Every structure is written in structure tokens, then in C-alpha cells.
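So you can see what is in the structure, the chains are spelled out below.
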Amino acid sequence: MIFIYNDYGGTHTTALAAAYHLKKLPAHTELTREQILNVEYFNKLKTSDIGRMIFHGLDEEGHSVYTVGRGNSKIFVPGLKEMFEILQKKNGTEEKLIFSNTSPTVPLSMTFGGLFSRRLGIDFIGVPLLVKGAKQASAQIAYLVEHTKEMANSSTEQVLILDNKEEFLVTSAN
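What comes next concerns the included structure.

Reading the values: the criteria
- Residues numbered from 1 in each chain as written.
- Predicted model: local features only at pLDDT ≥ 70, side-chain atom pairs only at ≥ 80, totals over all residues.
- Heavy atoms only, no water.
- Helix = DSSP H or I, 4+ residues; strand = E, 2+ residues; numbered from the N terminus.
- Buried < 20%, exposed > 50% of the residue type's maximum accessible area, 1.4 Å probe, protein only.
- Contact = heavy atoms within 4.5 Å.
- Pairing = 2+ DSSP bridges.
- Salt bridge = Lys/Arg side-chain N within 4 Å of Asp/Glu carboxyl O.
- Axes fitted to C-alpha atoms, helices over the stretch in contact; angles between N-to-C directions.

Right, let's talk about the environment of Phe 3 for a bit. Along the chain, Phe 3 turns up in strand E1 (residues 2–7). Judged by its relative accessible area of 2%, Phe 3 falls in the buried class. Along the sequence, Phe 3 and Val 39 sit 36 residues apart, while their C-alpha atoms lie 18 Å from each other. Residues contacting Phe 3, with those up to four places away along its chain left out, are His 21, Asp 59, His 63, Ser 64, Val 65, Tyr 66, Ile 98, Thr 148, Lys 149 and Ala 152.

Strand E3 (residues 64–69) sits mainly inside the fold: five of its six residues count as buried. Strand direction decides the pairing type here: E1 and E3, joined by six bridges, are parallel. Looking at the pairing, Tyr 5 lines up with Thr 67 of E3. As paired strands, strand E2 (residues 54–58) and E3 are joined by four bridges and run antiparallel to one another. Each bridged residue has a counterpart across the sheet, and for Leu 58 the counterpart in E3 is Ser 64. Between E2 and the antiparallel strand that follows it, E3, lie five residues; Gly 62 among them carries a positive phi value of about 85°.

Next up on the list: the pattern of salt bridges. For the structure shown, the criterion picks out four salt bridges. Two residues, Arg 52 and Asp 49, come together in a salt bridge whose shortest N-O distance is 3.3 Å. You can call Asp 49 buried: its relative accessible area is 16%. In this structure, Lys 165 and Asp 163 form a salt bridge, with 3.9 Å as the shortest nitrogen-oxygen distance.

Looking at the secondary structure, you find Asn 101 in strand E4 (residues 97–101). Residue Asn 101 is classed as buried on the basis of its relative accessible area of 4%. Apart from the residues lying within four places of it in its own chain, the contact partners of Asn 101 are Asn 6, Asp 7, Arg 70, Leu 144, Leu 162, Asp 163, Asn 164 and Lys 165.

Attention now moves to the sheet that holds strand E5 (residues 159–162). Taking strand neighbours across the sheet as the criterion, the five strands line up as E2-E3-E1-E4-E5 in an open arrangement whose pairing is mixed. The open sheet terminates on both sides in strands that have one partner only, identified here as E2 and E5. Taking each pair of neighbouring strands and ignoring which way they run, the sheet shows an average axis angle of 20°. Across the sheet, helix H5 (residues 123–154) is in contact with E1, E4 and E5; its angle to E1 comes to roughly 140°.

Following this line, the structure appears as C-alpha cells:
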């Protein structure tokens, strides 16, 4: 099984989701600033990295965990799905592929933090907002990862796309 967590930039909620999936972060405790900032790839990717598949490791069951930023594209994930299905047919593999959208977990503070830090290069404003957003979203991201694993194990589909919009709507109160 291959898990691919995706969102706009691929450097904040996706990095946290990969870390939760691989048990590099504790699932049921409030994260510290240091834990957040030490997550591999958290706030480290640039706009030029959008579309780059990043391998984070193998989970406890030997499944691959990747992240990717898809930018504004609405066709990126469906295009990858089609390509994977072509490769499955050509190579006869039974590997399962799970795309899980982490965007619904993004609070407003993380959106602005990413804008200031990644786009404008103003880390002294952006990083504190990103840390605040990561703390706000951490429980939802951990839940999203568990939900993703459950859906992957219960689905019979070879390629599963989890939009996660219904389950993880973030309110402006966050």
C-alpha cells in the first residue's frame, strides 16, 4: 500500500500527517514548538517543489508514505490516479494507492503563516503563525491519518482518493 498525503504546498499539514502516520509525533498530546519545527520538510519546501513526490518512510506495516503539494490544480490527483491505473494494468501489480487530502485541516493562521514564511520570506511573522496553526490543527491531522488508514484497510478500491472535506471542515473559529 502507498499513502500520499496532499495539499496545496505539501510542506505543512502534509508533513505533519506523514509524521503522525510514521509515529514520529505523539497522537494524543499537544505538540511543542520544537516538535513542530523539527518535523522533516515542515515549512522547508518552496513553490518550485509543488508536484514533487517526497518519500517520508515506511510505516509499521511496511507501507510507503509520501507527501505532495498539488498547487491549485484540480486535475493533479486524478491524473496521478489514471497514471497509476495504467501502470497497474501494464505491470500486473496489486499495490493499493491512497491519496488523502489534508487541506480541510488547515486553519487560517496556517494559511497566513505559509504566505508570510514561504511566499514572502518573512519568517519572523510566518513561523509563529505556522506553529499556532499546527497546534490548532494537530488533533484533526492525527484523526485524519487514522481515518485514512481505516479507509485504506476497509476499501476494496485499488486507488482511493479521500477528499476529506465532509469529515474535517475547519471553521473560522480555529
